[in-house]
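Remarks on the overall topology
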Amino acid sequence: GISAQTSGSVELSADTIEYDAKTGIMTAQGGVVTLTRDKAVLTGASAEYNTKSKEAYVTGGVKVVQEDTTLTAPEVRSYNDNYLVASGGALLTKGEDTLAGPKIEHWVDKQYSVVTGGSRLTMPDGVMTADRMEAFHNEDRAVGVGNVHIVSEPRKLDATSEQVVYYGARANGQGKAVLSGNARAVQDGNVLTGKTLTIYLDDKTVDAQGRSQLTIQPQ
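Residues numbered from 1 in each chain as written. Predicted model: local features only at pLDDT ≥ 70, side-chain atom pairs only at ≥ 80, totals over all residues. Heavy atoms only, no water.

**Overview of the overall build of the chain**
Looking only at helices and strands, one finds 1 helix and 19 strands in the chain. A sequence separation of at least 24 residues applies to 28% of the contacts in the chain between residues at least 6 apart. Of the roughly 11,000 Å² of accessible surface on the chain, 48% is carried by carbon and sulfur atoms. (Helix = DSSP H or I, 4+ residues; strand = E, 2+ residues; numbered from the N terminus. Contact = heavy atoms within 4.5 Å. Areas by Shrake-Rupley, 256 points an atom, 1.4 Å probe, with all protein chains shown as cover.)

Next comes the structure, spelled out in structure tokens:
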């Protein structure tokens, strides 16, 4: 394998690397192609890196690793060594949570991701799906919009709404989901509807604000 390093401290290694000095484009393939930039390492089957525009295109079982964040997808485009677009079905894992969708945009410096075209956040105790989701990884917070659905088997919980703000345990000491817009939660057969519902995921409590209604099924 050979490796090439650019003035912007990007290192590319592969079995074969071609470099066009005129266009500033490096093309790498053969073996495991590795593109290293600061703390982020991209690996795949082939890679193209433009030293002038700082754009990279990596394909073939792409994996991006940065500290405790791992992003995998069939193809990843990187811009300015900071903004990543993973497409073709992407998975982003941070700690115990996994974010999935057809396309994930991720900003390395802000540790922020946007999933469009249908998203799924898998947590240790449940799954949250929405049409679009934003994840603020450092804050352990996620915002879902459109056809929000939360299912938690351990808590026998099924909830739906138009929008959700999810706070993980790291965000405020206990995990909670704030549902708004046609919010409805069913837990152990009890139905709760309201303008805004707050579900605490650590224990079985639910708060309702606005016009709310709680239907408790007779045991």
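**Things to note about empty space enclosed by the protein**
For the structure on display, the rule yields 1 cavity of 30 Å³ or more. Looking at the largest cavity, its volume works out to about 50 Å³. Looking at the lining of the largest cavity, the elements that each hand over two or more residues are strand E6 (55-66), strand E7 (69-79) and strand E8 (83-94). By residue number, the principal contributor to the lining of the largest cavity is E7, which donates 3 residues. Here the residues of the lining of the largest cavity sort into 6 nonpolar, 4 polar and no charged. (1 Å grid on protein atoms, 1.4 Å probe; cavity = no way out; pocket = protein on both sides within 12 Å on 5 of 7 lines; lining within 4 Å. Points joined across faces, edges and corners; volume = space filled by probe spheres on them. Nonpolar A, V, L, I, M, F, W, Y, C, P; charged D, E, K, R; others polar.)

**A short note on the environment of Ala4**
By the secondary structure assignment, Ala4 is in strand E1 (residues 2-5). Spatially, the C-alpha atoms of Ala4 and Ile17 are 7.9 Å apart, while their sequence positions differ by 13 residues. Once you skip the residues sitting within four places of it in the chain, Ala4 turns out to touch Val10, Glu11, Leu12, Ile17 and Met26.

**A look at the environment of Ala21**
Looking at the element boundaries, Ala21 is found in the loop between strand E3 (16-20) and strand E4 (25-37). C-alpha separation for the pair Ala21 and Thr51, spaced 30 residues apart in sequence, amounts to 9.4 Å.

**Some details on the side chain of Thr69**
Along the polypeptide, Thr69 turns up in strand E7. In this structure Thr69 touches Val64, Leu92, Thr93, Lys94, His106 and Gln111, once residues within four positions along its chain are discounted.

**Comments concerning the packing of aromatic side chains**
Scanning all chains against the criterion turns up 4 aromatic pairs. Consider the rings of Trp107 and Tyr112, whose centres lie 5.3 Å apart with planes at 40°: the pair is tilted. Taken individually, Trp107 and Tyr112 each receive the classification buried, so the pair is uniform in this respect. Between Tyr112 and Phe136, the ring centres sit 5.1 Å apart and the planes meet at 45°, which makes this aromatic pair tilted. (Phe/Tyr/Trp six-rings, centres within 6.5 Å; stacked < 30°, edge-to-face > 60°. Buried < 20%, exposed > 50% of the residue type's maximum accessible area, 1.4 Å probe, protein only.)

**Focus: the nonpolar core**
Counting 47 residues, the largest nonpolar core has Leu12, Val76, Leu121, Met128 and Leu179 as its most contacted members. Beyond its immediate stretch of four places on either side in the chain, Leu179 contacts Val148, Ile150, Ala159, Ser161, Gln163, Val164, Lys195, Thr196, Leu197 and Ile199. (Core = buried A, V, L, I, M, F, W, Y, C linked by side-chain atoms within 4.5 Å.)

**Digging into the layout of surface pockets**
Of the volumes computed, that of the largest pocket is approximately 440 Å³. Residue lining of the largest pocket: 25 residues in total, with Asp97, Asp140, Tyr166, Gly168 and Arg170 positioned closest to the centre. Ranked by residues supplied to the lining of the largest pocket, first place goes to strand E9 (residues 97-107) with 3 residues. Here the second largest pocket is characterised by a volume of approximately 180 Å³. Broken down by secondary-structure element, the contributors of at least two residues to the lining of the second largest pocket are E4 and strand E5 (40-50). Of the residues belonging to the lining of the second largest pocket, the class tally is 5 nonpolar, 3 polar and 6 charged.

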